[in-house]
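A closer look at the structure
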Amino acid sequence: MKKDIAIKKIAPRTIVAFYEDYFELNAGSIILDNFILVIDTLLYPSQTREFRAYLDQNYKQPIKYLLLTHFHGDHLLGMGEFKSNDIEVLGTEQLVDNMKNRLENNWSQESIAKWKEEEPDNTEDFDAIDLFLPHRTFEKSHVIEDGSLRVEFYHSGGHSGCSAWVYFAEDKVIFTGDELASYNWPFISEPSGNPDTWIQAFEHMLSLDVENVVPGHGKIVNKKHLQEHLEYLKTLRSIVLKGIEDCIKVEELVVPEFYKPAEDWQIPKALEHLYNFYSKR
Ligand SMILES: [Zn+2]
């Protein structure tokens, strides 16, 4: 698989790093007056290194924070490239629990050894993986300030229980994490994810002054596209709630057409998750 990334300035202080070949993955950075913060790391450590080198070469401010939107590997496997006493890693409280679990299972030394066997071409990248827990966590929201500039970090817990998103008012930009995969069927699959707080997060985002919405995956979009996703999530919720009320089996639920899912299993898995979620109510 190709590892080329594209780095682009999308607003005066906002940079996006884009890895097209892995479901159009996005990471980003916000350049404040006295320091830089980074949002997610891309998939491979070599990509994170390239992104970091770009920031180091183009800006004199030091990198001070790494914000992790959630625990999925494509958003944080490069975090070792930011391991430093001067860089604070931030995420939700749930992120720590989810990462601890992964470190014991999917990301154990044995698991990574297996990845190397399966993908010998990526040995160097797998050897460079250096995962560690965030230094600081928050429950609902966290604000980073630099003079009059504010970066707001909100826990939403939709796509996964630990999911969070970032708003930078100065550039009118949101980094949604995987709460949004633009032009894709929504990434609903984690049993820990909550469709209600997801909907609330979209409503919150839509209430803000925003020009660019940077999704966890997909092209950069605007509020109109976000609104479409909000309506679709609400539609899914209504269909599932009505299905449960009418004792319709989950396999028999029919949902309206939307953007294509990134993987075939997504829709049945999503419906199963929503069905279980609302059946417990
Ligand atoms: Zn994800």
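One structure accompanies this document, and this report is about it. Note that the coordinates shown come from a computational prediction; the quantities given were computed from them, not determined experimentally.

1. Quick word on the pairing of strand β9 (residues 149–155)
As paired elements, strand β8 (residues 141–146) and β9 share six bridges and run antiparallel to each other. Each bridged residue has a counterpart across the sheet, and for H142 the counterpart in β9 is F153. Where β8 folds back onto β9 in an antiparallel hairpin, the turn is made up of two residues, including G147, whose phi is positive at roughly 60 degrees. In this sheet, strand β10 (residues 164–168) lies alongside β9 in antiparallel orientation, the contact comprising five bridges. Each residue of the ladder has a partner; that of E152, found in β10, is Y167.

2. Here we look at the packing of helix α7 (residues 223–245) against helix α8 (residues 266–279)
Packing of α7 against α8 brings their axes to within 10 Å, and their N-to-C directions diverge by 60 degrees. With respect to each other, α7 and α8 are oriented oblique. For the crossing formed where α7 meets α8, the hand is right-handed. Along the contact surface, α7 presents L236, V240, L241 and I244, while α8 presents L271, L274, Y275, Y278 and S279. The class makeup of the residues in the contact of α7 with α8 is eight nonpolar, one polar and no charged.

3. Things to note about α7
Between its first and last C-alpha, α7 extends 33 Å over 23 residues, near the 33 Å set by a 1.5 Å rise per residue. Every buried residue belonging to α7 is among L226, H229, L230, L233, L236, V240 and G243, and all of these are buried. Buried positions along α7 lie against α6 (195–206), β12 (212–214) and α8.

4. Some details on the sheet that holds strand β6 (residues 88–92)
If you trace the seven strands from one edge of the open sheet to the other, you get β1-β2-β3-β4-β5-β6-β7, paired in mixed fashion. Looking along the sheet, the strands with just one partner apiece sit at the ends: β1 (6–11) and β7 (136–138). Across this sheet, the average inter-strand angle for adjacent strands is 25 degrees, counted without regard to direction. Pairing analysis gives three bridges linking strand β5 (residues 63–67) to β6, with the strands arranged parallel.

5. Structural notes on the environment of Q57
Examined against the element boundaries, Q57 turns out to sit in helix α1 (residues 45–58). For Q57 and A181, which are 124 residues apart along the polypeptide, the C-alpha to C-alpha distance reads 30 Å.

6. Description of unusual backbone geometry
Located in the positive-phi region is F23, a residue other than glycine, with phi close to 50 degrees. Relative to the helices and strands, F23 is located in the loop between β2 (14–19) and β3 (25–31). With phi around 55 degrees, C247 is a residue other than glycine that occupies positive phi space. A tally of 6 C-beta atoms within 10 Å means that C247 is categorised as exposed.

7. Quick look at the sheet that holds β10
Sheet strands pair by backbone hydrogen bonding; their relative direction is either parallel or antiparallel. Spatially, the five strands line up as an open sheet ordered β8-β9-β10-β11-β12, and their pairing is mixed. Looking along the sheet, the strands with just one partner apiece sit at the ends: β8 and β12. When strand polarity is set aside, the average angle formed by the axes of neighbouring strands in this sheet is 15 degrees.

8. What to know about the packing of α6 against α7
Taken N-terminus to C-terminus, the directions of α6 and α7 make an angle of 155 degrees; their axes are 10 Å apart at the nearest point. Here α6 is positioned roughly antiparallel relative to α7, judged by the angle of their axes. Like other packed secondary-structure pairs, α6 and α7 cross with a definite hand, here left-handed. Contacts between α6 and α7 involve P195, W198, I199, F202, E203, M205 and L206 from the first element and K223, L226, Q227, H229, L230, L233, K234 and R237 from the second. Looking at side-chain class alone, the contact of α6 with α7 contains nine nonpolar, two polar and four charged residues.

Calculation rules
- Residues numbered from 1 in each chain as written.
- Predicted model: local features only at pLDDT ≥ 70, side-chain atom pairs only at ≥ 80, totals over all residues.
- Pairing = 2+ DSSP bridges.
- Helix = DSSP H or I, 4+ residues; strand = E, 2+ residues; numbered from the N terminus.
- Axes fitted to C-alpha atoms, helices over the stretch in contact; angles between N-to-C directions.
- Parallel < 35°, antiparallel > 145°, perpendicular 65-115°, else oblique.
- Left-handed = near helix turned anticlockwise from the far one by under 90°.
- Contact = placed C-beta atoms within 7 Å.
- Nonpolar A, V, L, I, M, F, W, Y, C, P; charged D, E, K, R; others polar.
- Expected span 1.5 Å × (residues − 1).
- Buried ≥ 20, exposed ≤ 12 C-beta atoms within 10 Å, placed from the backbone.

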